[in-house]
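Structural features, examined
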Amino acid sequence: MKTPPAYPRNNFDVVIVHKITELYKKLYKISQKVSKRDKFGIFLKIENACLETLSLSVRAAFTPRIEKSKFISHLRVVTELLKNLIRITYEVNIIDQKIYLDLQTDLQEISKMGWGWLDFIRKQ
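Here the structure is a predicted model, which is why all the values come from computation and not from measurement. For every chain, the first residue of the written sequence is number 1, and numbering continues from 1 onward in sequence order. Where local features are concerned, this predicted model is filtered to residues with pLDDT of at least 70; where side-chain atom pairs are given and counted, the filter is 80 or more; whole-chain, interface and lining totals use all residues. Here the side-chain values reflect all heavy atoms present in the structure, with hydrogen atoms and water set aside.

A few words now on the layout of surface pockets. As a volume, the largest pocket reaches approximately 180 Å³. A run of DSSP states H or I qualifies as a helix once it reaches four residues; a run of E qualifies as a strand once it reaches two. Both are numbered from the N-terminal end. Contributions of two or more residues to the lining of the largest pocket are made by α1 (15–31) and α5 (97–123). In terms of residue count, the dominant contributor to the lining of the largest pocket is α5 (3 residues). Each residue is assigned to one class: nonpolar for Ala, Val, Leu, Ile, Met, Phe, Trp, Tyr, Cys and Pro, charged for Asp, Glu, Lys and Arg, and polar for all the others, Gly among them. The residue inventory of the lining of the largest pocket, partitioned by class, reads 5 nonpolar, no polar and 4 charged. Put simply, the grid is 1 Å and covers the protein atoms alone, a cavity is a trapped set of points that fit a 1.4 Å probe, a pocket is an open set with protein on both sides within 12 Å along at least five of seven lines, and lining residues have an atom within 4 Å of a point. Grid points are joined across faces, edges and corners, and a volume is the space filled by probe spheres set on the points.

This part takes up the packing of helix α3 (residues 42–62) against helix α4 (residues 65–91). Closest axis-to-axis distance for the α3/α4 pair is 9 Å, and the angle between their directions is 160 degrees. In terms of orientation, α3 lies roughly antiparallel with respect to α4. Regarding α3 and α4, the two cross each other, and that crossing is left-handed. Classifying every residue of the contact of α3 with α4 by side-chain character gives 18 nonpolar, 4 polar and 4 charged. Lines are fitted to the C-alpha atoms to define the axes, a helix being fitted only along its stretch in contact, and any angle between axes, read from their N-to-C directions, falls within 0 to 180 degrees. An angle below 35 degrees is read as roughly parallel, one above 145 as roughly antiparallel, one from 65 to 115 as roughly perpendicular, and any other as oblique. If you view the pair so one helix is near and one far, a crossing is left-handed when the near helix is turned anticlockwise from the far one by less than a right angle, and right-handed when it is turned clockwise.

Turning our attention to the side chain of E47. The topology assignment puts E47 in helix α3. In this structure E47 is buried but unpaired, with K39 as the nearest side chain of opposite charge at 6.9 Å. When checking whether two residues touch, look at their non-hydrogen atoms; a contact exists if any pair is within 4.5 Å. When residues no more than four places from it in sequence are discounted, the contact partners of E47 are Y24, L27, Y28 and S31. Exposure categories follow from relative accessible area, calculated using a 1.4 Å probe and restricted to protein chains: below 20% of the type maximum is buried, above 50% is exposed, and the middle band is partly exposed. Within this scheme the basic residues Lys and Arg register as positive and the acidic residues Asp and Glu register as negative, but His and the chain ends are omitted. Each salt bridge in this description consists of a side-chain nitrogen of Lys or Arg and a carboxyl oxygen of Asp or Glu lying within 4 Å of one another.

We now examine α4. Its 27 residues place the ends of α4 40 Å apart at the C-alpha level, agreeing with the 39 Å of an ideal helix rising 1.5 Å per residue. Within α4, burial applies to K68, F71, I72, L75, V78, T79, L82, K83, L85, I86 and T89. Packed against the buried residues of α4 are α1, α3 and α5. Among the residues trailing α4, N93 stands out with phi positive, at a value near 60 degrees. Here the expected span of a helix is defined as 1.5 Å times the quantity of residues minus one.

Further remarks concern the confidence of the model for the protein. Residue-level confidence of the predictor, termed pLDDT, takes values from 0 up to 100. A residue-level look at the protein finds 90% of positions with pLDDT of 70 or above and a mean pLDDT of 90. When the criterion is pLDDT under 50, residues 5–13 qualifies, and its contacts beyond four places in sequence or with other chains add up to 8 contacts.

Below, the discussion takes up unusual backbone geometry. The backbone of N93 shows a phi angle near 60 degrees, a positive value even though the residue is not glycine. In this structure, N93 sits in the loop between α4 and α5.

This brings us to the environment of R59. Secondary-structure assignment places R59 in helix α3. Remark: the alpha-carbon pair of R59 and F71, spanning 12 residues in sequence, is separated by 7.0 Å.

In C-alpha cells form, the structure reads like this:
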C-alpha cells in the first residue's frame, strides 16, 4: 500500500492548506494520548479551531480575489486563538515542552503564511 505524498498534489493545494492539514494530523495523534477529560475539553476546542482554519484556507483558495481577504483575516484570528489554546495546554502540563515547541513552530509558520497571503491580496 502506498503512502500519500507529503506535499501538495494538485493546483488546488495551496501551501497553507497543506501545512494546516499536517498540523491537524499532529493534533489528532496527540489528542489520543491525553486524558479523556482533556481530550473532550480543551483538545476538542483545539481540534475544532484547527478544522476551522483549514476550512477558511480552503474557502479563501476557492473564492475570487476580491473576497479572499475576509477569509484570510478570519484565518489569522483563529490561528492566534490556536496559539493561545496550545500555550494553555503546555502551561497546565497537558503536553510537554517538545510537543509544545513543535506545534508552536507550525503555527508561527501558518501565521506568517496568512500574513503573506493577505499582504499579497491587498497589494493587487
